[in-house]
Structures are given as structure tokens and as C-alpha cells.
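Survey of secondary and tertiary structure
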Number of protein chains: 2
Amino acid sequence: MEIKQDVNQLMNWSKQDGGSFENTEEPDRQSAANDFSTIHSKDLLPAENGKEVTKHFLQEILNILLSYINKSLNRNSKVLDFHHPHQLKEGLEGFSLELPDQPDNLEQLLVDCRDTLKYGVKTGHPRFFNQLSTGLDIVGLAGEWVTSTANTNMFTYEIAPVFILMEDIILKKMHSFVGWSEKEGDGIFCPGGTMSNLYSILLARYHFFPEVKTAGMRALPPLALFTSAHSHYSIKKSAAVLGIGSENVIVVKCDERGKMIPEELESSIRRAETKGLVPFYVNATAGTTVYGAFDPLNEIADICARCGLWMHVDAAWGGGLLLSRRHRMKLQGIDRASSITWNPHKMMGVPLQCSAILVRKKGLLQECNQLCAEYLFQPDKHYDVSYDTGDKSIQCGRHVDVFKLWLMWKAKGSEGFESQINHCLENAEYLYHKLKSRTDFQLVFQSKPEHSNVCFWHLPSHVRNMPAGPERDRELHMVAPKIKAKMMEEGVTMIGYQPLQDKVNFFRCVFSNPATQREDVDFLLDEIVRLGREV
Amino acid sequence: MEIKQDVNQLMNWSKQDGGSFENTEEPDRQSAANDFSTIHSKDLLPAENGKEVTKHFLQEILNILLSYINKSLNRNSKVLDFHHPHQLKEGLEGFSLELPDQPDNLEQLLVDCRDTLKYGVKTGHPRFFNQLSTGLDIVGLAGEWVTSTANTNMFTYEIAPVFILMEDIILKKMHSFVGWSEKEGDGIFCPGGTMSNLYSILLARYHFFPEVKTAGMRALPPLALFTSAHSHYSIKKSAAVLGIGSENVIVVKCDERGKMIPEELESSIRRAETKGLVPFYVNATAGTTVYGAFDPLNEIADICARCGLWMHVDAAWGGGLLLSRRHRMKLQGIDRASSITWNPHKMMGVPLQCSAILVRKKGLLQECNQLCAEYLFQPDKHYDVSYDTGDKSIQCGRHVDVFKLWLMWKAKGSEGFESQINHCLENAEYLYHKLKSRTDFQLVFQSKPEHSNVCFWHLPSHVRNMPAGPERDRELHMVAPKIKAKMMEEGVTMIGYQPLQDKVNFFRCVFSNPATQREDVDFLLDEIVRLGREV
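Here the residue index of a chain counts from 1 through its sequence in written order. Labels follow written order: the first chain is A, the first ligand is 1, and so on. Totals for whole chains, interfaces and linings use all residues, but because this is a predicted model, local features are given only for residues with pLDDT of at least 70 and pairs of side-chain atoms are given and counted only at 80 or more. Side-chain figures throughout are based on the complete set of non-hydrogen atoms in the structure, without hydrogens or water.

If you check an unreviewed UniProt entry, chain A appears there as Glutamate decarboxylase 3 from Astyanax mexicanus. UniProt's Subunit (unreviewed entry) comment on chain A is quoted here verbatim: "Homodimer." UniProt positions are given in the numbering used here, feature names are shortened, and annotations may be inferred rather than shown by experiment. Taken from UniProt, the Sequence similarities (unreviewed entry) comment for chain A reads in full: "Belongs to the group II decarboxylase family."

Points about the overall build of chain A
Here a helix means four or more residues in a row that DSSP labels H or I, a strand means two or more in a row labelled E, and each is numbered from the N terminus. For chain A, the helix and strand inventory stands at 17 helices and 12 strands. For chain A, the C-alpha atoms occupy an extent of roughly 75 × 75 × 45 Å along the three principal directions. Looking at the 535 residues of chain A, the share that counts as buried comes to 70%. For chain A, contacts bridging at least 24 residues in sequence account for 73% of all contacts bridging at least 6. Per-residue and other accessible areas follow the Shrake-Rupley method at a 1.4 Å probe size, with only the shown protein chains counted as cover for residues. Accessible area of chain A: about 17200 Å², with a carbon and sulfur share of 48%. Of the charged side chains in chain A, 59 are positive and 67 negative, and the gap between their average positions amounts to 6 Å. Exposure classes here rest on a 1.4 Å probe applied to the protein chains alone. A residue is buried below 20% of its type maximum, exposed above 50%, and partly exposed in between. Here, residues are in contact when the closest pair of their heavy atoms is within 4.5 Å. Note on charges: Lys and Arg go in the positive column, Asp and Glu in the negative column, and His and the chain ends are not counted at all. A charge is said to be at NZ when it belongs to Lys, at CZ for Arg, at CG for Asp and at CD for Glu.

Some points on the domain arrangement of chain A
All names here are of chain A. Those domain boundaries reflect an automatic or database domain assignment. Per the domain assignment, the segments making up chain A are domain 1 (7–122), domain 2 (153–401) and domain 3 (409–534). Computed from C-alpha coordinates alone, the two centres of domain 2 and domain 3 are separated by 31 Å. If you look at the interface, domain 2 gives 30 residues, while domain 3 gives 31 residues. Reported buried area values correspond to the accessible surface (1.4 Å probe) lost by two parts on association, with both partners' losses combined. When the two sides are added together, the surface that domain 2 and domain 3 hide from each other amounts to roughly 2600 Å², 58% of it contributed by carbon and sulfur. When residues of domain 2 are sorted by the area they lose upon contact with domain 3, Val290, Tyr291 and Met347 head the list and together hold 25% of the total. Any Lys or Arg side-chain nitrogen found within 4 Å of a carboxyl oxygen on Asp or Glu counts as a salt bridge. Across the contact surface, domain 2 and domain 3 share 4 salt bridges. Across the pair Glu450 and Lys259 runs a salt bridge, and its minimum N-O distance is 2.9 Å. Each polar contact in these results corresponds to two N or O atoms within 3.5 Å; when the atoms are within protein, one needs to be able to donate a hydrogen and the other to accept it, and residues that are neighboring in sequence are counted only if both atoms are side-chain atoms. If you look at where domain 2 meets domain 3, you find 13 residue pairs in polar contact (both at pLDDT 80 or more). Residues of the side of domain 2 that touches domain 3, tallied by class, amount to 12 nonpolar, 10 polar and 8 charged. Side-chain classes are defined by residue name, with Ala, Val, Leu, Ile, Met, Phe, Trp, Tyr, Cys and Pro counting as nonpolar, Asp, Glu, Lys and Arg as charged, and the others, Gly among them, as polar.

Things to note about the confidence of the model for chain A
pLDDT measures the predictor's confidence residue by residue and takes values from 0 up to 100. Averaged over chain A, the pLDDT score is 93; the fraction of residues at 70 or greater is 94%. Every residue in residues 1–32 of chain A scores below 50 in pLDDT, and together they form 65 contacts with partners more than four places removed in sequence or on other chains.

Overview of the packing of helix α16 (residues 470–490) of chain A against helix α17 (residues 518–534) of chain A
All names here are of chain A. Every angle, taken between N-to-C directions, lies between 0 and 180 degrees, and every axis is a line fitted to C-alpha atoms, over only the stretch in contact when it is a helix. Remark: α16 packs on α17, axes separated minimally by 9 Å, with the N-to-C direction vectors making an angle of 110°. As summarised for this structure, α16 and α17 are arranged roughly perpendicular, according to the angle between their axes. Taken as a pair, α16 and α17 cross one another with a handedness that is right-handed. Touching Ile483, Lys486, Met487 and Glu490 of α16 are Leu524, Glu527, Ile528, Arg530, Leu531, Gly532 and Glu534, all from α17. When its residues are assigned to classes, the contact of α16 with α17 shows 5 nonpolar, 1 polar and 5 charged. For classification purposes, an angle smaller than 35 degrees is called roughly parallel, one larger than 145 roughly antiparallel, one from 65 to 115 roughly perpendicular, and anything else oblique. Should the near helix be turned anticlockwise from the far one by less than a right angle, the crossing is termed left-handed; should it be turned clockwise, right-handed.

Brief notes about the UniProt feature "modified residue: N6-(pyridoxal phosphate)lysine" (unreviewed entry) in chain A
Residues and elements named next belong to chain A. As annotated in UniProt, the feature "modified residue: N6-(pyridoxal phosphate)lysine" (unreviewed entry) corresponds to Lys346 in the numbering used here. In this structure, Lys346 sits in the loop between β7 (339–342) and β8 (355–359). Judged by its relative accessible area of 15%, Lys346 falls in the buried class. Leave out the neighbours within four places in its chain, and Lys346 touches Leu132, Ser133, Ala316, Trp317 and Ser512.

Some points on the sheet that holds strand β12 (residues 503–509) of chain A
Residues and elements named next belong to chain A. If you walk across this open sheet you meet the 5 strands as β1-β11-β12-β10-β9, and the pairing is mixed. Edge strands, defined here as strands with exactly one partner in the open sheet, are β1 (128–129) and β9 (441–443). Relative to strand β11 (residues 494–500), β1 runs parallel, the two being bridged by 2 bridges. Within β11, the position partnered with Phe128 by the bridge is Met494. Packing of helix α14 (residues 403–436) onto the sheet brings it into contact with β9, β10 (454–458) and β12, and relative to β10 it is tilted by some 30°. Contacts from α17 reach β1, β9, β10, β11 and β12, with the element oriented near 30° to β10. When DSSP finds at least two bridges between two strands, those strands are taken to pair.

Quick notes on the packing of helix α7 (residues 161–178) of chain A against α14 of chain A
All names here are of chain A. Where α7 meets α14, the closest approach of the two axes is 9 Å, and the angle between their N-to-C directions is 50°. Our classification of the angle between α7 and α14 gives oblique. The element α7 and its partner α14 pack so that their crossing is left-handed. Residues Phe163, Met166, Ile170, Lys173 and Phe177 of α7 form the contact with α14, whose own contacting residues are Phe403, Leu405, Trp406, Trp409 and Ser414. Taken together, the residues of the contact of α7 with α14 sort by class into 8 nonpolar, 1 polar and 1 charged.

A look at the relation of the copies chain B and chain A
For the least-squares superposition of copies, only C-alpha atoms count, and only for residues with pLDDT at least 70 in both. Overlay of chain B on chain A (RMSD 0.0 Å): rotation 180°, translation along the axis 0.0 Å. Considering both components of the superposition, the chain copies are consistent with a two-fold axis. Relative to the rotation axis, the C-alpha of Leu242 of chain B is the closest in chain B, positioned 2.1 Å from it. The residues that chain B uses at the interface reappear at the interface of chain A in 100% of cases, marking a shared surface.

Details of the packing of aromatic side chains
Ring pairs are drawn from Phe, Tyr and Trp, using the six-membered ring of Trp, whenever the two centres fall within 6.5 Å, and their geometry is named by plane angle: stacked under 30 degrees, edge-to-face over 60, tilted for the rest. Evaluation of the coordinates by the stated rule reveals 41 aromatic pairs over all chains. With a centroid separation of 6.2 Å and an interplanar angle of 40°, the aromatic rings of Phe82 of chain A and Tyr383 of chain B are classed as tilted. Here Phe82 of chain A is found in the loop between α3 (50–72) and α4 (85–90), whereas its partner Tyr383 of chain B is found in the loop between α13 (364–369) and α14 (403–436) on a different chain. For the residue pair Phe82 of chain A and Tyr383 of chain B, the accessibility class agrees, reading buried in each case.

Set out below in C-alpha cells:
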């Protein structure tokens, strides 16, 4: 589909939506100076005389991004402008996803960038409560722009000297918040919490059975690992990938609050042994995905110590709380872990992706993963090659995920992270107290949230008036999906829902965006009630 | 270490280095209006009245990036400004990597961004020949800035509607270049070629032995997989990770040119069977890492068909050639593969990372990896949930790697990629002919390069005058590392070296940056000769 929107339209759009972001310095003159409709990517650098065009093109990109940032953080703008897949595929108002054989002009590309953002979801909006990763940190964003412009790879010091050192420094900082001494602690940033959890099992397996690297799982006894019923599905997924098999992941029962029951862990270990399995690994969760529960780390560590098992803590979601003096006691015992997953892209608000696997035993990552490819890791280099950390990784090429976190840490200091995390948990407490006092809402569990997750049902009047029982459950199960469908179509806020074990569909509200205020919490509840009247 | 550099210094630096990039519209007035030394990240959005500060801060970031881009593409600027790890760690001219408890001001952050780029390596420089991924595509870069600002995740259509559809469209386009019919073809973008290769083995294993997902490798017969001696180390690494064991990766001999010998593959398969192993997977390489060799795909496909094996093609490096009518015959037979790795971040010049695993059999990725986590993949959503592709992935959160490629495809059209790839291979041919005609260089193999890799020794006079034999080899082995060390310290160009099997250290020049011209090739050789005189 051909599209003909000109720069003036684009500028108008920027003006309408960008509010005070629009370029007040003679935008018309600028746009007149650059008729992007006659310019193509081949006119940009490295083309001769490409400097000016490049500058103006990237300036226009910045204007579009500034306008988007402004809208993302403006409560009067929508969180999303929902369209069904077939609508977007057919092409909306000239927005075509199809790929051409011939080049499009730069004007068209600018329109495409604008449209891509327009039809997306504003995950930085203060009323976006849908995922654990929310918010749009301006410094983190700047860090990501710098990273992408540097366009390098984490495999060697040779081509990423500064970023390699920053990773080292950030990891040490994280170790210190965990409570590890300077003599212990290693780690690496990797693409997401699932990969970090996968690393932990890989390392544990190698630690106990180093022959697995060459000989494979068939050379090992039948293994068993343990994780709670509320833990993340990545533990099972990793066991499948690693050739351990998902059925050898033993699911340990939780209490009503979603915390692993230590006695259940102990009896599960004993039962597995009776069946001839060899337990080697326990995953404890610090901040479960749905309830935000913290497993009792010290009690689990005691069991692991007694049974000689690797203790991993999946603190992908809860790790950020280590930076808060008010909340860090919820992770007491984490220093006893053999490995830890911690995703700064969740509670610390770092742009996606930013996830670390921390390992207590030094050198293990390298031993477990290294293959010493000579084209990359030449031993006869002229600098200290211990900084060529690429062979610690499963990946070969590895994206630079550390700089945005480093820059944010500079910008906020540890104390800035602390106050932003405290603020998110205050929002959760505020929501909890509001829900507790109302009859048209019901908490999924009664105790105060430990993390920023608040789980609840909305009870529209027709449900409220039904007697407890399977019929009411069936009705209640449909409330959240129906409200969510309308919510997405109206697009002014967004919250997730799910069933869990015997519980029918309920809402899960999470706070990780420092832009969110109490008024947004109030707005969310009002909106759920309003939409609930229509279902 | 405390740093006090003010905005004026920063602006001066921009002026000096940015050339025509600097903001000609009253930069002094602008800088006067923003004394970043008194402003902190808490003054940026979402702070009240944060819009203007945000705009000016990000504008300053853009200015720094424009200056860097200009330098990256300027032959008169250095490729790198080398410092040893301990020098950077100690802090250079006020550039401290240490993390504070208290916030730094925005001026300091801008200086940090500038310094991070200053002490890094300009991978987009036309004289950077060090890796397979080089160049700095302006449209791709713009795409990455848009992606990071959108800051979302690929797991569901719900939160990444446009990007999910773009992935679908780009994958179909790639399938069509492979030669797959519309009825076949699936795939996913994942973090790098190693991960893509890992997926291929995971899928092959699941295809033949679906019970592995739940029961693990111990429920399977002893497996064997095959890859050439010149293939990438990720095949062995993946076998270790997946619990197959690296010693069950059978290394198949190559010819002098680095291509797998089909008869050797056949006899390796037979030998493995005799030992009681069960062959299931062959990795053929289209564009090896060092030599750039293409395995004979059709002959390997015949063997795989005959023996009932999964054929994977690692075209991480060579896949781009499918877009060139002149060069695509080098990948003849690729349509017969069961799976393909193709990294647009290599030969197509897309910013890091951008790697795809393409799978011929539809639905297999989903079956192999899905765990149906209900908090993410609710079946009772109001849209077509077949677009919730997140459960195809090993990862849970998955970075958006597709948009920059989509935008570049719009900008160049298929034909734009074609001419840029042809240009890179012409540079290789030019270098090859130059080397062939000289006595102070020696090609590692005599035939014309198939890809853009050119492998050669430099023979300084003292080596040239030595008789062939182990003593000359020992001397020659030290030439490349010595030249490379000096090269990095001078910083005007950069090329990689490695030994390979019985070959002592040689240089590998690769071309993937469309900015590189013949004059840069000439410069590289002159520079090697000049530095070689000093060793």
C-alpha cells in the first residue's frame, strides 16, 4: 500500500500531541529545509555530504520520540489504541507493514516510526499496570540510545573495553547488596530472567557433575530439582531445554500466601530420593510472579546446607528490594544462595532487557561454559585477557545490557533507587487498604502484600448477590476477561488477570513505575467498577 | 573520584569533534538556558515541569551521539583510543566508573556518556575489520532508538501488537528468500547466532524424541550430531548446555578451503552408528567464521535425506547472500534444510542484536517450548491469541530485535540490501587480488574468497628470508599478535587474527560495512606493512 503523508502532516501531529515538546525553534523553517520525501537512506551517512541529512533525519526521530515520551507520561493520553491483528495487517490509515523491493523515502520512514509508536502500548504510562516491567526512565533511555549507537558486543575487552569494566563494577555492586564478601561473587548479564534461571541450573549441574559438559546427561544419575508451586515457569522450561526433563522438576507446595513451605521441601526431597532420584538443586523465589511472595530463604538455605544442594534464588522480581533498607529484610538469607537471578529491568525500572545471573563461586561460569574459540579469545593478546569474559557466556555475541543500568545508578545513586522502590511499595499498600475497605472487591489473600503485587477480584453486583459455590465461581471467572477486553478497547488503563490453581480469574496489579501516583490507583478501581457495570 | 567538567567544556568538545554536526542554532544560548550541573535525574519527567528539562537533556544526548556518528564515519578519526583495563579502572581524566550512593548531576551524566563513547571502539568506522558485525546504519540506529523508547517485550500481542506482526512479516520474507513455500516456515528472533543454533538442536531433538521434554536425555538413546571442523563453536557449546555432551558432537573433516567433505560426513555417520550412537542432526555452515566457506548444501541434504537426519544450516554469516542474485547460488540447497540460522546483524548491517532461527516445520517451535503459563498466555482473551508467540521461545521476556530490520528493509528495499552486500564482496575480491600480486603477503588458501573473508599472513622481510620449517612458523606465528598490539595502541585501524588447526596465526579481514571503500583496503595493507617493520 502506498502512503503519501507529508512532512507538514507529520509536524502537525507532533504539534498536536507533543504539547510543549515540539521544537519551538522555527519548526517550519526546519521542515522546509528538509523535504524528506525526495531523500532516501542512501543519502544518509556514509554518503558524501550525508552529514546534514543525517543530522536532520535523526533530529526528526528525536522529535517523534520526545512527543511519544510526553504522551507516555501524560495521564490524558491513552495507554493504547487497540486494533485486532487482522486490522493492523490490512493496513490502517496508510500504515502498511509490508516490505518493498524498492526503497521508501525518509518521509515515509518517519511516518512509519510515528505509526509504530501510535499503534503500540505505552508501557511507561502511569496507568499501565499490566506487567512487572513498566515505566520509562529518561536516563535509562538515554543509556540505551548511547548503547545502540556504540553498537558493540560483550565478548571481548578488545571491542567493548568500557562496557566490560562497567559489567564488572555493577556485578560487584550487586554482590555487595546481596551480602557476599569481596572474595566471592561472579556473574554475567544475560537476555532475561529465564536465561538467568537456566544458567543457575546449568551451573549447579556442572558443579556437581562436571563430566556432563562432555558426556551429557546420560553419564549422570537421574537428577531432581525443586521449586515451589508459585515459582516461575522458567524452571520447568530450563529443565526441558537442559535435557533434565520437566517431570524431574518437583513442585513444592506453598502456603496460602504463595510461600514455599520448608517442611514440604524436605519431604519432597526425601520422597525423590526414595524413588531413586538424585536431588541437586532448589529454586527459592524472592518475589513470585503473581502473588509477589518471598520464600523463607534462611529455612530453605538450612535444608540445602543439610542436604548438600545448590540453592538458587530467583529474585528476578524481588531483587530490587535489596536496595531498600525498609524492605530488604524480606530477602534475609539471600547471601547464603549459590546463585541469584536479579532483573534490574523489573523493580529498578531499567529499560528492557537487563537481567543478571549472580554466582557465588568464582570461576565456575568460565569453567562451565568456556570452549576457548581461538578466533575470538586469543591467549597471546597484549592486554590482560582475564577481561575477555565472553567465554563465560552461553551466547557468543552478547548485547550490551549494562550501560543503561550503570548510567541510572550514576543518576540516582543507590538512594535514588531506594526511594523509587519504596514509593512503588507504598502504592501497593495504598491499593491494599482501599480494597480491604470495600465490598465490591475481594482480596485473593488477606495479608498485607510483601512486594508490590496486589491480587483481587472485582465483584459486580450480580456476582456479589450470588451464594458462594461453583455457579458463582463460574460467573466470577468471566468477570476479569470481560472487563479486560473492554479496558483494552477503551485503552485508558491496563491491568493483567489470570487464574491460579483453584482460584478463578483474578486481577493482579503490580507497581514498578515511579510515575504512578495514588490518583492512578483510584482511577484504576473506578475504571474497573465502571466497566464491570457493563459486563 | 570527583569530576568537574562544565557544560561549556562539553559544548566545546562537541564543536571540535562534531564538525558540521554541532547545533548551529545558537548553541550558546541553549547551553546557557540549561545549567545541567544543578539539575538531577529527579528533575526529568515524570517530574512536574520536567518536560523542558527532558527535552534539553535528550537533545544534548542527541548532539553527543551525532558527534560520535560523525567521528565513526570520518577516516581522519581514530578507530579506538586504547587503554589497559587497570588504566580505565583507575579513572582517566576524571572518567570514573565507580557507582555513587548519592545522585550525580545531569552534566556529569553527559560527560560520562561522552567518555564512554570516547574510550570505546568505533565499530562503524570504515577501517574497523575486526568482527563479522561492523558498520553503523543510520536507519537501523533510528529503529533501535524507537525500539528502546517503546520499551516493550515480545511475549504477547497484547503489549507488542505492531512488533509481533512485523516479526511475522519479516520471517515470511526471509522464508521466501530461503525458497520455502507459503505452507512451510516458522521461526523466531533470538539473542544471537549461538542461541539460534541451540534452538536448532533443541528442535531436532524434540522432533525425533518428543519425550525428551518431560523425561530428559536419560530416556533417549545416546545421540550424535555432526558439524564440520570449521564450523562455529556454538554447536559444541549447545550440545553441552542441552545435556547431549560436547563429545557427542562429531567433527567432520573439511577440504583445504574449509568446506565440509560430504564423504567424510557419510563415513562419520557410519562410524558413529557402529559405536552405538544414534545420529539425528547435521549442521552445515553457509559462511564459516574464519574462512567464509560454504559447505556443499545439496550434497549434505542428500545424505540427511538418505539417513533421515535433521539438516540445519548455520547461515548466521552467509545468510545475507540470499539477497544477492550474484551470490545466492553459493547457498543452493538451503531450501532443503529443516532449520536455518540467519543473523541480519552480520552481513546485512543491522545493529546488534538481530538473529533469527527459521524452522521449516510449522508448529514445532510452539510444541517444543510451550508451557502455557496462565499469567501470561490467557486463553480467554478477546483477540486471536495465535499471535501470542511468546511461548515459542525459550526466553520469557524477549527483546524487540525486529523493528530495526523492518525499518531498514523499508529504507533500502530488498535491492538496497543486495547492492550493499555485493559491494562488501567486491571489497574482498579487491583485497584478494592485491594480496595475490604481492610477495610480502601470503594467502592462507589460494582460491578466490566465496564470502567477504580474506585470510592471509604478512611476511616481514626477516620472515620472508627464512627457509620454510618450524622455525619460520614460530616466527610467523608471532607476527600477527605483535602487529595487532601496535595497531590497537595506534588505533587507526583494526583487524583480527587467529591460528587455525595446523596454521599459525594469520589475519582475517572481513567486510560487512558498506562504508568501507578500496582506499580503506589499501590503507589496511600499508598499515600492516608499516607496523610489521617495527616488530
